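# Descriptive analysis of the structure
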Amino acid sequence: MIDLADLLAASAQVSAAPGGRAPDAVAVGGLGDPGTVLLSGPGTGSGPESLDAHLDRWAGLPVLDGAQVLALLRAGGLDGRGGGGFPLARKVAAALASGGPPVLLVNASESEPASAKDATLCACRPHLVLDGAALVAAALGVDHVVVHLHRGAGAPVDGISRAVAERRGGGHDVVAWTVSLGPDRYVSGEASAIAGYVHDGDARPRFAMAPLAVEGPTGRPTVVVNAETVAQLGVMARIGPRAWAALGTGGSPGPRLLTVAGAVDRPGRVVELVGPGTVGDVLAGTGCTAAPAAVLVGGFAGTWLSGDEAWQAPYERSALACLGAGPGCGLLGVLPHGACALVETARIVGYLAGESAGQCGTCVAGLPRLASAMSSLADGTFRRRGLRRIETLGDELLGSGACAHPDGVVRLVRSTLEVFRDDVVRHLAGEQCRGADHPPVLPVPVPHPAGAGPRPQEHFS
Amino acid sequence: MTTVVRIDPTLCRGHAICALYFSDGVEIDQWGFGRVVEPTLTTRRAVRKALRAAAACPNGAVVVTEHGEAVPVGADHPTDTAGW
């Protein structure tokens, strides 16, 4: 039995804990802004923080054994920040219970085109990420950690590579680091795709009867953990689980990183929310003065909320769940008044349809049809029975794939039809769309042509 | 005993033969791709049908596991139930 009191006492000596905070104070800030925790330190444009600077600010990482790390994860209630929100303690415990030496992979690929929180951490605070990863390695009893990124990511790859070189040179860690660079595709950032890629070079999602943490592609338990999640652990180990949890809310412990996109003062900016803030608090910190038309919460595979509803909503998992949404990858996409959500959604669905790995029949056949239905709804060339077609496609796509890619697209489409019911009616009636001439709001990449060009496998290795 | 059946969607090519042998356990979509309605099999009859479906699938997409271990399909579960 681990004495948590000891752990708390040991970690309390570290001065980096944000002291003197009122319990309900809310802070929203970017890199280097006051009140931030993960993003505290040098501001934008300063590049990756060196190991010396990092240790000056945060002091050394407490030396903890595996059981102590697991106790820390449980006490803090650290949830996964990659999208699923799965508690890291349960993932680690599942891997330990499954037998065989586990494999540990840090997912820093951040496939979501509009999201940049993991990229910012890797590019500017790489040692915080590696600190947390070293702790998870201790919990799993492994001495090798793979950090996976998209090969075209740029600054995050440089940040992590430099940090790994610094730690190797100084003999800082007992773990050996490998930086893995994979293809720049949306679904190749999915956990089973990364585990598979590191194993055999094929970055497509895998079908499996058991969760990765029980049995991965190598046959060994495989823990894939998001880069922000481990960075949070790097903070928690120093300030203690209670102080860390108190930086969030009861329902969502710890500080949270978000990316704001669309109609904000600096689209693509990454901010940290400390304390029990609402979506409105975050947006007010990023140049919005009043509720926008709508907010896309949680990423391209996320949920639209009407601007008023979103503005009031506490940014925490349970409160967002009541509205049918979730923090997902931490994206808030702001749709301004005057733009059309149906047009924006059609662009997103078109992109996502082209990002299918081309493995599962229903995804291959269904997503392009769903994309074309959404695009005719957006441009007003759609008849009422088309809505039933979208419903049927949604039912068939939900849960049909080896990964959750089709599920995410269906979730986005359904929330669009629900939240923008009035717009759907107007588009069906053939009224002139008010947002038809509005410039694109969200940064949706050019769709990959589905079924054209080289065979799908060639894009995924 | 926990016996679980699932269809590997990356292997399924929409022959829909599984639905002939396990019609009450498999749903076929508009393109012929199958999906298991309830993966956990609770009766011996359902297990037998699922194993026949697994043996009949030309792509080996129907996977049956017992306590997490794959059940081999083949001789013990003949698919020629009509006897020809």
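Here the structure is a predicted model, which is why all the values come from computation and not from measurement. (Residues numbered from 1 in each chain as written. Chains lettered and ligands numbered in written order. Predicted model: local features only at pLDDT ≥ 70, side-chain atom pairs only at ≥ 80, totals over all residues. Heavy atoms only, no water.)

## Digging into the overall build of chain B
Along chain B, the regular secondary structure elements total two helices and six strands. Walking chain B from its N terminus toward its C terminus, one meets helices and strands in the order β-α-β-β-β-α-β-β. Buried positions account for 40% of the 84 residues belonging to chain B. Partitioning the contacts of chain B with sequence separation of at least 6, the portion at a separation of at least 24 is 57%. In the form shown here, chain B has an accessible surface area of approximately 4,900 Å², with 51% of it arising from carbon and sulfur atoms. (Helix = DSSP H or I, 4+ residues; strand = E, 2+ residues; numbered from the N terminus. Buried < 20%, exposed > 50% of the residue type's maximum accessible area, 1.4 Å probe, protein only. Contact = heavy atoms within 4.5 Å. Areas by Shrake-Rupley, 256 points an atom, 1.4 Å probe, with all protein chains shown as cover.)

## What about the nonpolar core?
All names here are of chain A. In this structure, Leu104, Val106, Trp177 and Leu233 are the most contacted members of the largest nonpolar core, which totals 59 residues. Per element, the largest residue contribution to this core is ten residues, and it comes from helix H6 (residues 126-140). Viewed by domain, this core spans two of them, domain 1 (4-20 + 45-245) and domain 2 (256-335), each represented by three or more residues. Discounting chain neighbours no more than four positions away, the residues touching Val106 are Val129, Ala133, Val145, Val146, Val147, His148, Val225, Ala227 and Val230. In this structure, Leu335, Ala346, Leu397 and Leu428 belong to the second largest nonpolar core, which totals 50 residues. (Core = buried A, V, L, I, M, F, W, Y, C linked by side-chain atoms within 4.5 Å. Domains from an automatic or database assignment.)

## Some remarks on the environment of Val274 of chain A
For Val274 of chain A, the location among the structural elements is in strand S7 (residues 269-274). Residues Val274 of chain A and Gly32 of chain A, 242 residues apart in the sequence, show an inter-C-alpha distance of 14 Å.

## What to know about the interface of chain B and chain A
Taken together, the contacts link 14 residues of chain B with 19 residues of chain A. Summing both partners gives a buried area of about 1,300 Å² for chain B against chain A, and 60% of it is carried by carbon and sulfur. Summed over the three residues of chain B that lose the most area to chain A, namely Pro9, Trp31 and Arg35 of chain B, the buried surface amounts to 42% of that side. If you look at where chain B meets chain A, you find zero salt bridges. Our enumeration of links across chain B and chain A arrives at six residue pairs in polar contact (both at pLDDT 80 or more). Residue assignment for the side of chain B that touches chain A shows that the elements contributing at least two residues are strand S1 (3-7) and strand S5 (62-66) of chain B. (Buried area = accessible area lost by both parts, 1.4 Å probe. Salt bridge = Lys/Arg side-chain N within 4 Å of Asp/Glu carboxyl O. Polar contact = N/O pair within 3.5 Å; in protein donor to acceptor, adjacent residues only side chain to side chain.)

## Remarks on the domain arrangement of chain A
Size of an interface, as often reported, equals the accessible area lost when the parts are brought together. Residue and element names in this part refer to chain A. Considered domain by domain, chain A is made up of domain 1 (4-20 + 45-245), domain 2 (256-335) and domain 3 (341-428). Here domain 1 and domain 2 have C-alpha centroids that lie 25 Å from each other. Listed per partner, the contact involves 18 residues of domain 1 and 13 residues of domain 2. In this assembly, domain 1 packs against domain 2 so that about 1,100 Å² is buried in total across both faces, 58% of it on carbon and sulfur atoms. Ranking the residues of domain 1 by area buried against domain 2 places Glu112, Ala114 and Lys117 at the top, with a combined share of 40%. The tally of links between domain 1 and domain 2 comes to one salt bridge. Here Arg317 ties to Asp79 by a salt bridge, and the two come within 3.1 Å at their closest N and O atoms. Counting the contacts that link domain 1 with domain 2 gives six residue pairs in polar contact (both at pLDDT 80 or more). Mapped onto the side of domain 1 that touches domain 2, the elements with two or more residues apiece are helix H5 (117-124) and helix H9 (227-239). No other element matches H5, which puts three residues into the side of domain 1 that touches domain 2. Looking at side-chain class alone, the side of domain 1 that touches domain 2 contains five nonpolar, eight polar and five charged residues. (Nonpolar A, V, L, I, M, F, W, Y, C, P; charged D, E, K, R; others polar.)

## A word on helix H17 (residues 405-419) of chain A
Since the α-helix turns once every 3.6 residues, residues separated by three or four places project in the same direction. Residue and element names in this part refer to chain A. The end-to-end C-alpha distance of H17 is 22 Å, a good match for the 21 Å that 15 residues give at a rise of 1.5 Å each. By the criterion of burial, H17 is predominantly enclosed, with eleven of the 15 residues buried. Looking at H17, one finds that the buried residues are His405, Pro406, Asp407, Gly408, Val409, Val410, Leu412, Val413, Ser415, Thr416 and Leu417. Contacts made by the buried residues of H17 are with strand S8 (294-297), strand S9 (303-306), helix H14 (341-354), helix H15 (361-379), helix H16 (385-397) and helix H18 (421-428). (Expected span 1.5 Å × (residues − 1).)

## Some remarks on the packing of H5 of chain A against helix H7 (residues 155-170) of chain A
Think of two packed helices as two axes; the pair is described by the angle between the axes and how far apart they sit. Residues and elements named next belong to chain A. The geometry of H5 relative to H7 is characterised by a closest axis approach of 7 Å and an angle of 40° between their N-to-C directions. One element, H5, and the other, H7, form an angle in the oblique class. In this structure, H5 crosses over H7, and the sense of that crossing is left-handed. In this structure, H5 uses Ala119, Cys122 and Ala123 to contact H7, whose residues at the interface are Ala155, Pro156, Gly159 and Ile160. Split into classes, the residues belonging to the contact of H5 with H7 amount to six nonpolar, one polar and no charged. (Axes fitted to C-alpha atoms, helices over the stretch in contact; angles between N-to-C directions. Parallel < 35°, antiparallel > 145°, perpendicular 65-115°, else oblique. Left-handed = near helix turned anticlockwise from the far one by under 90°.)

## Structural notes on the packing of helix H3 (residues 66-76) of chain A against H9 of chain A
All names here are of chain A. Interhelical geometry of H3 versus H9 gives an angle of 95° and a closest axis separation of 11 Å. Taken together, the axes of H3 and H9 are roughly perpendicular relative to one another. Two secondary-structure elements touch here, H3 through Val69, Leu72, Leu73 and Gly76 and H9 through Leu233, Met236 and Ala237. Classifying every residue of the contact of H3 with H9 by side-chain character gives six nonpolar, one polar and no charged.

## Considerations on the sheet that holds strand S5 (residues 222-226) of chain A
Residue and element names in this part refer to chain A. Overall, parallel pairing links the four strands, which are arranged S4-S3-S2-S5 in an open sheet. Each end of this open sheet is capped by a strand with a single partner; those strands are strand S4 (176-182) and S5. Pairwise comparison of adjacent strand axes, ignoring direction, gives a mean angle of 25° for this sheet. Note that strand S2 (residues 103-107) and strand S3 (residues 144-150) share four bridges and pair parallel. Within S3, the position partnered with Val106 by the bridge is Val147. (Pairing = 2+ DSSP bridges.)

## Re the sheet that holds strand S4 (residues 40-41) of chain B
Residues and elements named next belong to chain B. Taken in spatial order, the four strands make up an open sheet running S4-S1-S5-S6, and their pairing is antiparallel. Each having just a single partner strand, S4 and strand S6 (69-70) make up the two edges of the open sheet. Pairing between S1 and S4: two bridges, direction antiparallel. What sits directly across from Val4, in S4, is Thr40. Contacting S1, S4 and S5, helix H2 (residues 44-56) crosses the sheet at an angle of about 140° to S5.

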